[in-house]
Amino acid sequence: MNKLLAGLMSVLCISGVAQAQSNDWPTQKVVKLIAVFPPGGSVDQVARILAPALQNQMKQNVIVENIGGASGSIGAAAVARAQPDGYTFGVVFDTHGVNENMIEKLPYKTKTDLTTVTMIGTAPMVLTASKASGITSFKQLLADAKAKKANNYGSIGTGSLGHLALASLAKDAKFDWTHVPYRGGGPLMQDALAGHVPLAIGSLFLVKPHVDAGGVIPLAVTTSKRSPEMPNVPTIAESGYPNFEAPAWWAIIAPAKTPAAIVNRMHEEVAKALKNPEIAQRLKSQGIEIAALGPKPAQDFVNKQIDVWGAFIKANNIKATN
C-alpha cells in the first residue's frame, strides 16, 4: 500500500510540475529554434522567418541556432536530448522522415524520442544545372542520360528527399547518375554556382533566388503540377515519367516528453505566425504551400514519410555516406 501511495504521489508530482511548466510557458527563458542544417539553406531561412514573428507574439526572446550535419540528424539529436520544458524546438526538413532508416546507430528514435509540433508546408524541389554543365533543358538531360552519358547530381545530403527522388528516377530509367552529398543547401548551391557539380536538386525555396539571379538553370520540378513560381519549368511527371511526385516539406519538432499543453500552444503560435500576411507572402514567394498541420496530423504525416521512404531505402540498400 505504501509503495502504491508513493507511486501515486510521484505521478501527481510529475503531473503538477508539467502543469506548472505549461502555465509559466514561455516566460521563464529564451525559446530556442534549432535549425538542423547550416546557414544558407531553406531550413535556416524558414527558422529565421518564423523566429521574429514568434518572438513578437509570445513576448519572449526566440533565437535560431544552426546545428547541421548528417542530413539533419545531428540537430535532431540535440532536440531529442534537450530538456522537454518547451524551450527547445527544432526546424526540420524532409530528411527527418528518412534518417531513421538511413543512418546506422542513429542516437534517437524519430517516432518515440521526438514529437511533431507543426507540419509547416510543402514545396516543389527543383532540378537545376550549372551554367558550366552545358545543359539547358530537362529534355536535353534526358537525351544525354538515355545515350548513357554519365552525370553527377548534388543534394543536401544522403537520404534527402532530393537524393531519393533522383535515385528512384535513375534506377527506373537506368540512368548513369552519381549522387554527390553535401552538408546542407548553402554548400550545395555554392558548388552549383561555381560549376563544381553539374546538377543540383533542392527545394524551390533554396534554389529560386539563384535561378532569379541567373546563377543556375532550372530543368524540372518534382511536384505533379508546375509551380506558379516557375510556370515555364516542366514537371518530371509530364516529361515522360507519369505519377512521379516528391515534394519537399518542413516541420517543427520538440523533445517527446514536452508537455502536450506546451506542444499545442507552440503549434498555435506557429500557426498564427503562418497566417501573418507578411510571413505567408515570404514563404509563398519561395514556393512553400502552407499546411500548418497540428500535432496529431503532423505526426501522422511524418510517420507515413518514415514508412514509405524506409521501404524504398531498404529495398535499394541505400546507405548514408556523410
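Attention here is on the structure that accompanies the text. (Residues numbered from 1 in each chain as written. Predicted model: local features only at pLDDT ≥ 70, side-chain atom pairs only at ≥ 80, totals over all residues. Heavy atoms only, no water.)

For the rest of this paragraph, the subject is the pattern of salt bridges. Summed over the entire model, instances satisfying the criterion amount to 7 salt bridges. Of the charged contacts, one joins Asp44 and Arg48 as a salt bridge, the two residues approaching to 2.7 Å between their closest N and O atoms. Of this pair, Asp44 and Arg48 both sit in helix α2 (residues 42-58), 4 residues apart, which is roughly one turn of the helix. Under the relative-accessibility criterion, Asp44 is labelled buried at 7%. The class for Arg48 is partly exposed, based on a relative accessible area of 41%. Between Lys296 and Asp300 there is a salt bridge, with the nearest N and O atoms lying 2.8 Å from each other. With Lys296 and Asp300 both in helix α12 (residues 295-316) and 4 residues apart, the pair spans about one turn of that helix. Here Asp300 falls in the partly exposed class, since its relative accessible area comes to 38%. (Salt bridge = Lys/Arg side-chain N within 4 Å of Asp/Glu carboxyl O. Helix = DSSP H or I, 4+ residues; strand = E, 2+ residues; numbered from the N terminus. Buried < 20%, exposed > 50% of the residue type's maximum accessible area, 1.4 Å probe, protein only.)

Moving on: helix α8 (residues 185-194). Within α8, burial applies to Gly185, Gly186, Leu188, Met189 and Ala192. An end-on view of α8 places all buried positions within 160° of arc, on one side of the element. Where α8 is buried, its residues contact β5 (125-130), β6 (151-155), β8 (199-203), α9 (204-212) and β9 (216-221). Gly195 occupies a position one or two residues after α8 and carries a positive phi of about 80°. (Arc of directions from axis to C-beta. Contact = heavy atoms within 4.5 Å.)

Another aspect to go through is the nonpolar core. Ranked by size, the top nonpolar core spans 105 residues in total, and within it Phe89 and Trp250 carry the most contacts. The biggest single contributor to this core is α2, with 9 residues. (Core = buried A, V, L, I, M, F, W, Y, C linked by side-chain atoms within 4.5 Å.)

Further remarks concern the environment of Gly41. One can find Gly41 in the loop between β1 (31-35) and α2. Separated by 144 residues in sequence, Gly41 and Gly185 have C-alpha atoms that sit 4.1 Å apart. Look past the residues within four positions of Gly41 in its chain and what remains in contact with it is Gly185, Gly186 and Leu206.

Before going further, it helps to spend a moment on the pairing of strand β3 (residues 88-92). Within β3, 5 of the 5 residues are buried, leaving the element largely enclosed by the surrounding structure. Burial of the side chains of β3 extends over both faces: Thr88, Gly90 and Val92 are buried on one face and Phe89 and Val91 on the other. Where β1 lies against β3, 4 bridges are found, and the strand directions are parallel. Looking at β3, one finds that Ala35 is bridged to Val91. (Pairing = 2+ DSSP bridges.)

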